[in-house]
Amino acid sequence: MATVYVQVGQCGNQIGQQLWTQVLPLKDTNEGMPFFNTNEKLRSVHVDSEPKVLRRLGLALKKKNLEEGNLIAGKRGRGTNWALGYHGVTRAEGCMLLDQTVEAVRREVEQCDCFSGMVVMHSLSGGTGSGLGAHIIENLKDHFPIPYLMSVAVAPHAGGESPLQHYNCLLCLSWVQQYTDAVLLFNNDDVLYQLQHQQNSSKAQISIPEMNQYISNCLAGLFLPTDSITPPPGIPLGMEPWELLRSVCPMPATKFAQVSHHMGSRLGWDAIAAHSIQMYKKQHSHRDRALSAVVVARGDGKDDFRRYKPGVERKIRAGCNCVDWNPFPVDFWTDKNSLAGYAEKKSLTLCTNNSGVTGYLEHVLTKARQKYSAKAFLH
């Protein structure tokens, strides 16, 4: 069940670059099969309105691992403006990027033996990530209406990265709500808080590459093959993104999910789970309710997670305040291997569909409405 990954804008491509760095060591193994096409190149499409980010990506991942026709770049940026990103600086250039992207995705789809869906990585605040990303999502849903479509969206800091960010976020969120089947929402403020807490300092200096690496670890924890979902012959089918959608976002009206990732070499599963729930409670109100959750345990080489599973489940149910009407709110996946680059380390990735996301959505709506009422940045 193959998946095509589409990375849009600087943010989407930088996160994708970190993710593929973890996937490339698996190229000649069974675990890497779902991520490579019949030409033994990554099943990914990279789009940006400027070429510089794609040049760096090509150098980092080596062009032999990328389809040359899947690197699609324009000539001018989008000025952190949703409208410029959606329509293009000129109509011809905007249409060209869209057509080239859909054509590249079509080529990858035709190489799949069993195509299941697409994952689009982008930001909510940048002109390319929000505007062009929204237009690409709309076009992909139009050309491929039956397969799944998932958005991995990165929200900006509340303190402000751009004067237009609330307009950009609101418009892009409207598009992903309408056209995608699930949205994995990463908030920069939450990512920063997680990393500072891991370093035991609220004043720790966290770089953008470190934040990208954290998001990449979250995605790798969810998307890489697991023993729980791999069929008995041991050949992974790449079903993880779509089993995640089935478990966490089964209802179209509640499609926003949030992800956290915790790792430890000497900690037991109980301790890692307790740490995950502790962080979850600090970032969510006691009134927030979780519809469902998926917990992915990696590094289970001794096959001892099953002993701790009942205790971990009790912690997750209580800590996430799961709804009463769902009899099985928590789904568990395990894999004996650690994430690439983190040998011998256990990790727990927690993905929840919870009502806490409404706080962020209401904040964006309120700020955008205030700017609109004041006629800020309107022409």
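Described below are features of the structure shown in this document. Along each chain, residue indices are assigned from 1 in the same order as the chain's sequence is written. Where totals are concerned, whole chains, interfaces and linings use all residues; where local detail is concerned, this predicted model gives features only for residues with pLDDT of at least 70, and gives and counts side-chain atom pairs only at 80 or more. Computation of side-chain values covers all heavy atoms of the structure but excludes hydrogens and water.

Section: the pattern of salt bridges
Here is the rule we go by: Any carboxyl oxygen of Asp or Glu that lies within 4 Å of a side-chain nitrogen of Lys or Arg is treated as forming a salt bridge with it. Helix and strand definitions follow DSSP, with helices as H or I runs of at least four residues and strands as E runs of at least two, each counted in order from the N terminus. The rule is simple: take the accessible area with a 1.4 Å probe, protein chains only, and divide by the maximum for that residue type; under 20% is buried, over 50% is exposed, in between is partly exposed.
Tallied over the entire structure, the rule returns 10 salt bridges. Of the charged contacts in the structure, one is a salt bridge between D181 and K141, with a shortest N-O distance of 3.4 Å. Within this pair, whereas D181 is found in the loop between α6 (165–179) and β6 (182–187), its partner K141 is found in helix α5 (residues 127–143), the two being separated by 40 residues in sequence. The partly exposed category is assigned to D181, whose relative accessible area is 25%. Look at K141 and you get buried, because its relative accessible area is 19%. Between R298 and D335 there is a salt bridge; the shortest N-O distance is 3.9 Å. Of this pair, R298 sits in strand β8 (residues 290–298) while D335 is found in strand β9 (residues 330–335), placing the two residues 37 residues apart along the sequence. Looking at R298, the relative accessible area reads 2%, which means it is buried. Among the charged side chains, a salt-bridge network with shared partners connects E103, R106 and E110.

Section: the pairing of strand β7 (residues 256–264)
Rules: Strand pairing is assigned whenever DSSP identifies at least 2 bridges connecting the two strands.
For β7, a buried count of 8 out of 9 residues is recorded, marking the element as mostly surrounded by other parts of the structure. Where β7 lies against strand β10 (residues 346–354), 7 bridges are found, and the strand directions are antiparallel. When the bridges of β10 are listed, H261 appears paired with T349.

So, the side chain of N65
Cut-off, in case you're wondering: Here a polar contact is taken to be a pair of N or O atoms separated by no more than 3.5 Å, where protein atoms must pair a possible hydrogen donor with a possible acceptor and residues adjacent in sequence count only if both atoms sit in side chains. It only takes one pair of heavy atoms within 4.5 Å for two residues to be counted as in contact.
Tracing the backbone through its elements, the reader meets N65 in the loop between α2 (52–61) and β3 (71–73). There is a polar contact of 2.7 Å between the side chain of N65 and the backbone oxygen of L61. Ignoring sequence-local partners within four residues, the contact set of N65 consists of L24, K27, K41 and L42.

Let's talk about unusual backbone geometry
A positive phi is found at K375, a non-glycine position, where the angle reads about 60 degrees. With respect to the element layout, K375 can be found in the segment after α12 (357–373). Assessed through its relative accessible area of 64%, K375 is described here as exposed. Here the phi dihedral of F377 falls at roughly 60 degrees; this positive angle occurs in a residue that is not glycine. Relative to the helices and strands, F377 is located in the segment after α12. Taking the relative accessible area as the measure of exposure, F377 reaches 46% and is therefore partly exposed.

Some thoughts on the packing of helix α4 (residues 91–111) against α5
For clarity, the threshold we go by: Only C-alpha atoms enter the line fits that serve as axes; for helices the fit covers just the stretch in contact. Angles between N-to-C directions range over 0 to 180 degrees. These descriptions rest on fixed angle ranges, namely under 35 degrees for roughly parallel, over 145 for roughly antiparallel, 65 to 115 for roughly perpendicular, and the rest for oblique. Crossing chirality is assigned from the near helix's rotation relative to the far helix, an anticlockwise turn below a right angle marking it left-handed and a clockwise turn marking it right-handed. Three categories are distinguished: nonpolar for Ala, Val, Leu, Ile, Met, Phe, Trp, Tyr, Cys and Pro, charged for Asp, Glu, Lys and Arg, and polar for the others, with Gly belonging to the last.
Across the interface, α4 lies against α5 with an axial gap of 10 Å and an inter-helix angle of 50 degrees. Here α4 lies oblique to α5, going by the angle between them. Note on packing geometry: the crossing formed by α4 with α5 is right-handed. Here α4 contributes L97, L98, T101, V102 and V105 to the contact with α5, which in turn contributes L132, H135, I136, N139, L140 and H143. Of the residues assigned to the contact of α4 with α5, the class counts are 7 nonpolar, 4 polar and no charged.

Remarks on the sheet that holds strand β2 (residues 44–48)
Spatial ordering of the open sheet is given by β3-β2-β1-β4-β5-β6-β7-β10-β8-β9, a layout of 10 strands whose pairing is mixed. The open sheet has two edge strands, β3 and β9, and neither has a second partner. Averaged over all adjacent pairs, the angle separating strand axes in this sheet is 20 degrees, with direction ignored. Across 4 bridges, strand β1 (residues 2–8) lies against β2 in parallel orientation. Each bridged residue has a counterpart across the sheet, and for Q7 the counterpart in β2 is H46. Running over the sheet, helix α11 (residues 305–320) touches β8, β9 and β10 and is turned about 140 degrees from β9.

Describing α12
Structural remark: α-helix, 3.6 residues per turn; residues separated by three or four positions point the same way. Note the threshold: Take the number of residues in a helix, subtract one, and multiply by 1.5 Å to get its expected span.
In this model, α12 (17 residues) spans 25 Å end to end at C-alpha, consistent with the 24 Å of a helix rising 1.5 Å per residue. The secondary structure elements touched by the buried residues of α12 are β5 (148–155), α6, β6, β7 and β10. Of the residues flanking the end of α12, it is K375, one or two places downstream, whose phi is positive at about 60 degrees.

With respect to the packing of aromatic side chains
Given two aromatic rings, their pairing is described by the distance between the two centres and the angle made by the two planes. To be explicit about the condition: Here is the rule: rings of Phe, Tyr and Trp (six-membered ring for Trp) pair when centre to centre is within 6.5 Å. Planes less than 30 degrees apart are stacked, more than 60 are edge-to-face, and the remainder are tilted.
Here the structure, examined in full by the defined rule, presents 11 aromatic pairs. Relative to W175, the ring of Y86 lies with its centre 5.5 Å away and its plane at 70 degrees, an arrangement referred to as edge-to-face. A residue pair is termed long-range when its members are at least 10 positions apart, and Y86 in helix α3 (residues 82–87) and W175 in helix α6 qualify at 89 residues. Here F305 and F332 contribute two aromatic rings whose centre-to-centre distance is 5.8 Å and whose plane-to-plane angle is 50 degrees, an arrangement assigned as tilted. In this pair, F305 sits in helix α11 while F332 sits in strand β9, placing the two residues 27 residues apart along the sequence. Under the relative-accessibility criterion, F332 is labelled buried at 11%. An aromatic cluster of at least three residues, connected via ring pairs, comprises Y5, W20, F35 and F223.

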